[in-house]
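Listed below, chain by chain, are the residues.
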Amino acid sequence: MKDTAKKGICLAAPAVLGFLVFYVLPMGVTLWKSVSFGGMFVGLENYKLTLENYMFRLAVGNTLRFLLIVLPLILVLSLILSFFLYERFPGNSIFRLILLYPMLVPISATVMTVQIFLGNHGVLNTILTQIGFPEQEWIYSSWAFLILVILYLWKNTGYGVILLLAGFAMIPREYMEMAKMDGAGKWKCLFYVQIPLLAPMLLFVVLISLLNAFKCFREAYLIGGNYPHESIYMLQHYLINNFDNLNYMKISVVSTLIFLVTAASCFAGKCFADRREAL
């Protein structure tokens, strides 16, 4: 028994050591830098200074606005598309492949396409000038936020659809047949049978979409650079700009806050799922 325990410890040691060195230790350093200045403990002073910073508040406001818009949109779009794609019709598999295609397109190619069509001398502005309208600043104006939302939905909706299609497939057919025998139509079956049973998968889609929303910064950065239009100035811009200035205190504060918000969201989702299972 002791030999087995030793073997288990030896096998687990590299993974545990790697986790401690590459995850726990950096998190500890980040937490310490967020509450210290010059190696001295200053409490929440760094948090206070960061929260009073205009650029930080702008970044937080834009990030929250982006999340509050794209998360409901991607959930509704994924649910509607998966509901129709779950039905058998000619070309069903082709539509599924079309939805997955954006996940295979590199970010650089996506941004280059946006620049070609929406740049100052892009295709859209060329068409506008040809028909007598003035050129528009699509990328460096308030339109940039709408462009970012569309790019996010185009890139990530397919993944949510695939997850929900798997959820639809796991619903026992007996439930649907019983509902139809009781006189329920297609839409009543959706709202009163399928959606309640899809609740855990819907929650999972929301969490995955939340994590993917933070990755959407790549598009915002490649389109607008370090200092884009203020409508798409995100928390990640704030982090990169402070990293360039070697302001590790603000970086640590923002990283800690993002971690706490993400962890709280995941914990709330888990509690909701556990409570649902208990009921």
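See the structure printed just above.
Residues numbered from 1 in each chain as written. Predicted model: local features only at pLDDT ≥ 70, side-chain atom pairs only at ≥ 80, totals over all residues. Heavy atoms only, no water.

All right, on to the overall build of the chain then. Along the backbone of the chain there are 13 helices and two strands. The globule rule puts the C-alpha radius of gyration for 279 residues at 19 Å, and the 24 Å found for the chain is more than 25% above it. For the chain, with 279 residues in total, the buried portion stands at 37%. Considering only residue pairs separated by 6 or more positions, the chain has 68% of its internal contacts joining residues 24 or more positions apart. Surface accessibility of the chain: about 17,600 Å² in total, with carbon and sulfur atoms responsible for 72%. If you average the places of the 20 positive and of the 14 negative side-chain charges in the chain, the two averages end up 7 Å apart. (Helix = DSSP H or I, 4+ residues; strand = E, 2+ residues; numbered from the N terminus. Rg over C-alpha atoms; globule rule 2.2 N^0.38 Å. Buried < 20%, exposed > 50% of the residue type's maximum accessible area, 1.4 Å probe, protein only. Contact = heavy atoms within 4.5 Å. Areas by Shrake-Rupley, 256 points an atom, 1.4 Å probe, with all protein chains shown as cover. Lys, Arg positive; Asp, Glu negative; His and termini not counted. Charge placed at Lys NZ, Arg CZ, Asp CG, Glu CD.)

On to the nonpolar core. As a rule of thumb, nonpolar side chains are buried together in soluble globular proteins. In this structure, Phe66, Val70, Leu71, Leu148, Val149 and Tyr152 are the most contacted members of the largest nonpolar core, which totals 17 residues. For this core, the elements supplying multiple residues, two or more each, are α3 (54-86), α7 (143-170) and α10 (199-215). With six residues, the top contributor of residues to this core is α7. Not counting chain neighbours up to four residues away, the residues in contact with Phe66 comprise Phe145, Leu148, Val149, Tyr152, Ala213, Cys216 and Met234. Ranked by size, the runner-up nonpolar core spans eleven residues in total, among them Leu79, Phe168, Leu198 and Leu202. (Core = buried A, V, L, I, M, F, W, Y, C linked by side-chain atoms within 4.5 Å.)

Together, Arg88, Arg173, Lys180 and Lys186 make up a positively charged patch on the protein surface. Structurally, Lys180 can be placed in helix α8 (residues 173-181). (Patch = residues over 30% accessible without salt bridge, like charges linked within 9 Å, V, L, I, M, F, W, Y side chains within 5 Å. Salt bridge = Lys/Arg side-chain N within 4 Å of Asp/Glu carboxyl O.)

The subject of this paragraph is the packing of helix α9 (residues 186-197) against α10. For the pair α9 and α10, the least separation of the axes is 4 Å and the interaxial angle reads 60°. As summarised for this structure, α9 and α10 are arranged oblique, according to the angle between their axes. On α10, the residues touching Ile195, Pro196 and Leu197 of α9 are Ala199, Pro200 and Leu202. (Axes fitted to C-alpha atoms, helices over the stretch in contact; angles between N-to-C directions. Parallel < 35°, antiparallel > 145°, perpendicular 65-115°, else oblique.)

Next up on the list: the side chain of Asn125. Relative to the elements of secondary structure, Asn125 occurs in helix α6 (residues 123-130). Aside from chain neighbours lying at most four places away, what touches Asn125 is Gly119, Asn120, Glu135, Gln136 and Trp138.

So, about the packing of aromatic side chains. This model, assessed by the stated rule, comprises eight aromatic pairs. Summarising the aromatic geometry, the rings of Phe19 and Tyr23 are spaced 5.6 Å apart at their centres and angled 25° between planes, so their arrangement reads as stacked. Of this pair, Phe19 and Tyr23 both sit in helix α1 (residues 2-34), four residues apart, which is roughly one turn of that helix. Relative to Tyr248, the ring of Phe243 has its centre 6.5 Å away and its plane inclined at 70°; by these criteria the two rings are edge-to-face. Residue Phe243 is classed as partly exposed on the basis of its relative accessible area, which comes to 49%. The class for Tyr248 is partly exposed, based on a relative accessible area of 38%. The structure contains a cluster of three or more aromatic residues connected by ring pairs, namely Phe83, Phe84, Tyr86 and Phe168. (Phe/Tyr/Trp six-rings, centres within 6.5 Å; stacked < 30°, edge-to-face > 60°.)

The next subject is the environment of Tyr238. Relative to the elements of secondary structure, Tyr238 occurs in helix α12 (residues 235-244). Residue Tyr238 is classed as buried on the basis of its relative accessible area of 3%. C-alpha of Tyr238 to C-alpha of Tyr248: the two residues are ten residues apart in sequence and 12 Å apart in space. In this view, Tyr238 contacts Thr50, Asn53, Met55, Phe56, Ala59, Tyr233, Lys250 and Val254; residues no more than four positions away in its chain are not counted.

It is worth spelling out the environment of Val24 at this point. If you trace the backbone, Val24 turns up in helix α1. Given the relative accessible area of 38%, Val24 is considered partly exposed. Spatially, the C-alpha atoms of Val24 and Ile139 are 40 Å apart, while their sequence positions differ by 115 residues.

Mapped onto the elements of the fold, Gln236 is located in helix α12. If we skip the residues at most four places from it in the chain, Gln236 touches Phe214 and Phe217.

With that out of the way, let us pick up α3. Taking 1.5 Å of rise per residue, the 33 residues of α3 would be expected to cover 48 Å, and the 47 Å separating its terminal C-alpha atoms lies within 8% of that figure. The opening residue of α3, the one whose side-chain oxygen lies 2.9 Å from the backbone nitrogen of Met55, is Asn53. (Expected span 1.5 Å × (residues − 1). Polar contact = N/O pair within 3.5 Å; in protein donor to acceptor, adjacent residues only side chain to side chain.)

Our focus in this paragraph is the packing of α3 against α7. Where α3 contacts α7, the axes come no closer than 7 Å and their chain directions differ by 40°. In terms of axis orientation, α3 runs oblique to α7. As α3 packs across α7, the resulting crossing turns out to be right-handed. Class assignment of the residues belonging to the contact of α3 with α7 gives a composition of 22 nonpolar, six polar and one charged. (Left-handed = near helix turned anticlockwise from the far one by under 90°. Nonpolar A, V, L, I, M, F, W, Y, C, P; charged D, E, K, R; others polar.)

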